[in-house]
Amino acid sequence: MAQAKKEWLLIAQAALKKAYVPYSHFPVGACLITKQGKTYQGVNIENASFGLSNCAERTAIFKAISEGERDFAHLVVAGKTSQPISPCGACRQVMAEFFTPDMPVTLVGDKGVIKEMTVEQLLPYSFTGQDL
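Residues numbered from 1 in each chain as written. Predicted model: local features only at pLDDT ≥ 70, side-chain atom pairs only at ≥ 80, totals over all residues. Heavy atoms only, no water.

**Student:** I'd like a description of the state of the cysteines, backed by residues and values.
**Tutor:** This model, assessed by the stated rule, comprises zero disulfides. This cysteine, Cys88, is not joined by any disulfide, and Cys91 carries the nearest cysteine sulfur, 3.7 Å off. According to the relative accessible area criterion, Cys88 is partly exposed, its value standing at 30%. What makes Cys91 buried here is its relative accessible area of 0%. (Disulfide = S-S within 2.5 Å. Buried < 20%, exposed > 50% of the residue type's maximum accessible area, 1.4 Å probe, protein only.)

**Student:** Please give an account of the packing of helix H2 (residues 56-66) against helix H3 (residues 89-98) that cites residues and values.
**Tutor:** Where H2 meets H3, the closest approach of the two axes is 9 Å, and the angle between their N-to-C directions is 30 degrees. In terms of axis orientation, H2 runs roughly parallel to H3. In the crossing of H2 with H3, the sense of the turn from one axis to the other is left-handed. Note on element contacts: H3 touches H2 through Ala90, Cys91, Val94, Met95 and Phe98, opposite Glu57, Arg58, Ile61, Phe62 and Ile65. Class assignment for the residues of the contact of H2 with H3 results in eight nonpolar, no polar and two charged. (Axes fitted to C-alpha atoms, helices over the stretch in contact; angles between N-to-C directions. Helix = DSSP H or I, 4+ residues; strand = E, 2+ residues; numbered from the N terminus. Parallel < 35°, antiparallel > 145°, perpendicular 65-115°, else oblique. Left-handed = near helix turned anticlockwise from the far one by under 90°. Contact = heavy atoms within 4.5 Å. Nonpolar A, V, L, I, M, F, W, Y, C, P; charged D, E, K, R; others polar.)

**Student:** Any details on the UniProt feature "active site" (unreviewed entry) in the protein? Residues and values, ideally.
**Tutor:** UniProt records the feature "active site" (unreviewed entry) at Glu57, using the numbering of this structure. Within the secondary structure, Glu57 is located in helix H2. By relative accessible area, which is 4% here, Glu57 ends up buried. (UniProt positions renumbered as here; feature names shortened; annotations may be inferred.)

**Student:** How would you explain H3 if you had to name every residue and give the values?
**Tutor:** For an α-helix, 3.6 residues make a turn, and residues three or four places apart therefore share a direction. When we look at burial in H3, the residues that qualify are Cys91, Arg92, Val94, Met95 and Ala96. On its buried side, H3 packs onto H2, strand E3 (72-79) and helix H4 (119-122).

**Student:** Account for the side chain of Thr106, naming residues and giving values.
**Tutor:** Positionally, Thr106 belongs in strand E4 (residues 104-108). Taking the relative accessible area as the measure of exposure, Thr106 reaches 1% and is therefore buried. A distance of 2.7 Å separates polar atoms of two side chains, one belonging to Thr106 and the other to His74. A polar contact of 2.9 Å, which involves the side chain of Thr106, links it to the side chain of Glu116. The contact partners of Thr106, leaving out residues within four places of it in the chain, are Lys5, Leu9, His74, Leu75, Val76, Val77, Ile114, Lys115 and Glu116. (Polar contact = N/O pair within 3.5 Å; in protein donor to acceptor, adjacent residues only side chain to side chain.)

**Student:** Account for the side chain of Arg58, naming residues and giving values.
**Tutor:** Structurally, the position occupied by Arg58 is in helix H2. The side chain of Arg58 sits in the buried core without any salt bridge; Glu57 is the nearest counter-charge, 6.5 Å away. Reaching out from Arg58, the side chain makes a polar contact with the side chain of Asn54 at a distance of 3.4 Å. Excluding anything up to four places from it in sequence, Arg58 contacts Ser53, Cys88, Ala90, Cys91 and Val94. (Lys, Arg positive; Asp, Glu negative; His and termini not counted. Salt bridge = Lys/Arg side-chain N within 4 Å of Asp/Glu carboxyl O.)

**Student:** Run through the pairing of strand E2 (residues 39-43), naming residues and quoting values.
**Tutor:** Counting buried residues along E2, four of its five residues qualify, which places the element largely inside the surrounding structure. Note that strand E1 (residues 28-34) and E2 share five bridges and pair antiparallel. Looking at the pairing, Cys31 lines up with Gln41 of E2. Turn length for the E1-E2 hairpin, with the two strands adjacent in sequence and antiparallel, is four residues, and the turn residue Gly37 shows positive phi of about 90 degrees. (Pairing = 2+ DSSP bridges.)

Here you go:
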């Protein structure tokens, strides 16, 4: 694994400590990398009104988009799960909106087990702006 990728994994795993999860106690961390190498860390943020919670992946994406970023290279998602964590459907749809179908996504669990996928593999036959 390239040194940069190891650093991205560490950023995503470090984010776990920052997650706000008083209800589920299920922290998730993310590291979104731009094509220029800038990183955006994301965490899941819960709310007593559960539907208003936000996932780590979307937090990282929205942070980057709000800073004007549009060109992304990689996403790493980390969880305290025995197997690599799987993004929810809402996160997959947001990924399809902002990332190219072939962009790599690395999923990692707390035992270091890694699964490499692409956005298209996570959400095949996705609905995008081209469908409008």
